[in-house]
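Architecture and fold: a report
The chain contents come next:
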Amino acid sequence: MRYFLFFLSLSISLFAKDLDATYRVSFGIFGEIGIAKTTLHVEGKRYKITVHAKSTGFAAFISGDREEFYESRGKIEDGMLVPDRYEKITQKNVNESDAFSDENRVILKKYVKIYTFNHKLHKIEAKKIKSRGKQKSRSIEKVKFYAKNDILSLFFNFKRLFPQLEIKKKQTLHAVGADKKTGKIVLLPLDKTEFAKLIDGEFRGMKFLKVILNDKIFSSKKGELYLALDKNGLCEKAVLKDVILFGDIRGELIEKNY
């Protein structure tokens, strides 16, 4: 079963040297199906964002203990995060028949994609590494578009792009990790009433936002996220629409440390 357990947390008003945010990911009667943890670390003029999402419980059993890792690293210029490198890793355990016996063995299947930015030349290179047990293949390709951000740096830059945390009309941005051909991300207005139909909870003082990533991220149809943000721009609650075999998946912030 393919699904992706990841809910983005957005920027805080001033970059802390360290930010940790942990989300519980759940689906209907199944309850918790995963945990996603986001961290931001700043040292001098350099930053690193990491996201680690892993399946739990029954979801871990049916997905082969699926885990996903994301990392964005780069420099800080004029208060904005500027990525040098963006990396995505997906891994899970799969059963494979042993050619020399009747037994099955469990092996690790892993997919790594590393993007390298050249902002001066407006070029991005992508390296792919696929492995299945001891078998491994590599390839390098040029990304067909240029973007200043990856999806992690973009979301942490969000409050600088939109200081009031409000989207009053359709906005189009671009980032590596969204639409594979264009990097397009669409931001749309969202009101409290519409969001409250998707997930229970208190929403006092929150801002709301709909994000379409135009990619089958989390194995959803088009990466359609509904977000509720606190006054600092940190994502408190999120709903990912139309995930294959799951329907809507919900994420809720359960711990944060600045």
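Bear in mind the structure is a predicted one, so any value in this text is a computation, not a measurement.

Okay, the overall build of the protein chain next. For the protein chain, the count of helices and strands is four helices and 14 strands. Counting the 258 residues in the protein chain, one finds 50% classified as buried. For the protein chain, restricting intrachain contacts to residue pairs at least 6 apart in sequence, the fraction spanning at least 24 positions comes to 50%. As presented, the protein chain carries roughly 13,800 Å² of accessible surface, and 49% of it is formed by carbon and sulfur atoms.

The next subject is the pairing of strand β10 (residues 184-189). Bridging between strand β9 (residues 171-174) and β10 involves four bridges; their strand directions are antiparallel. Residue Q171 lies in a different strand from β10, and its bridge partner there is L187. Looking at chain direction, β10 and strand β11 (residues 207-212) are connected through four bridges and run antiparallel. Residue P189 lies in a different strand from β11, and its bridge partner there is L209.

Further remarks concern the packing of aromatic side chains. Taken as a whole and assessed by the stated rule, the structure comprises six aromatic pairs. Between Y70 and Y86 the ring centres are 6.4 Å apart and the planes differ by 35°, which places this aromatic pair in the tilted class. Separated by 16 residues along the polypeptide, Y70 in strand β4 (residues 67-77) and Y86 in strand β5 (residues 80-97) bring together distant segments of the chain. One exposure class covers both Y70 and Y86, and it is buried. Within the aromatic cluster, the residues linked to one another by ring pairs are Y70, Y86 and Y115.

Glancing now at the nonpolar core. The biggest cluster of nonpolar side chains holds 45 residues, and the ones touching the most others in it are Y86, F158, I185, L187, V211 and L227. Of the residues forming this core, the biggest block, five residues, is contributed by helix α2 (residues 151-156). Among the nonpolar cores identified, the runner-up in size contains 10 residues, and L190, F208, A228 and V239 belong to it.

Here we come to the environment of K169. Mapped onto the elements, K169 comes out in the loop between α3 (158-161) and β9. When the C-alpha positions of K169 and L187 are compared, they lie 8.2 Å apart, and in sequence the two are 18 residues distant.

The next point concerns the pattern of salt bridges. Evaluation of the coordinates by the stated rule reveals 10 salt bridges. With its nearest N and O atoms 2.8 Å apart, the salt bridge here joins E71 to R73. Salt-bridge contacts for D84 lead to K75; the nearest nitrogen and oxygen are separated by 3.3 Å. Connected through salt bridges with shared partners, the residues R46, K75 and D84 form a single ionic network.

Rules used throughout
Residues numbered from 1 in each chain as written. Predicted model: local features only at pLDDT ≥ 70, side-chain atom pairs only at ≥ 80, totals over all residues. Heavy atoms only, no water. Helix = DSSP H or I, 4+ residues; strand = E, 2+ residues; numbered from the N terminus. Buried < 20%, exposed > 50% of the residue type's maximum accessible area, 1.4 Å probe, protein only. Contact = heavy atoms within 4.5 Å. Areas by Shrake-Rupley, 256 points an atom, 1.4 Å probe, with all protein chains shown as cover. Pairing = 2+ DSSP bridges. Phe/Tyr/Trp six-rings, centres within 6.5 Å; stacked < 30°, edge-to-face > 60°. Core = buried A, V, L, I, M, F, W, Y, C linked by side-chain atoms within 4.5 Å. Salt bridge = Lys/Arg side-chain N within 4 Å of Asp/Glu carboxyl O.

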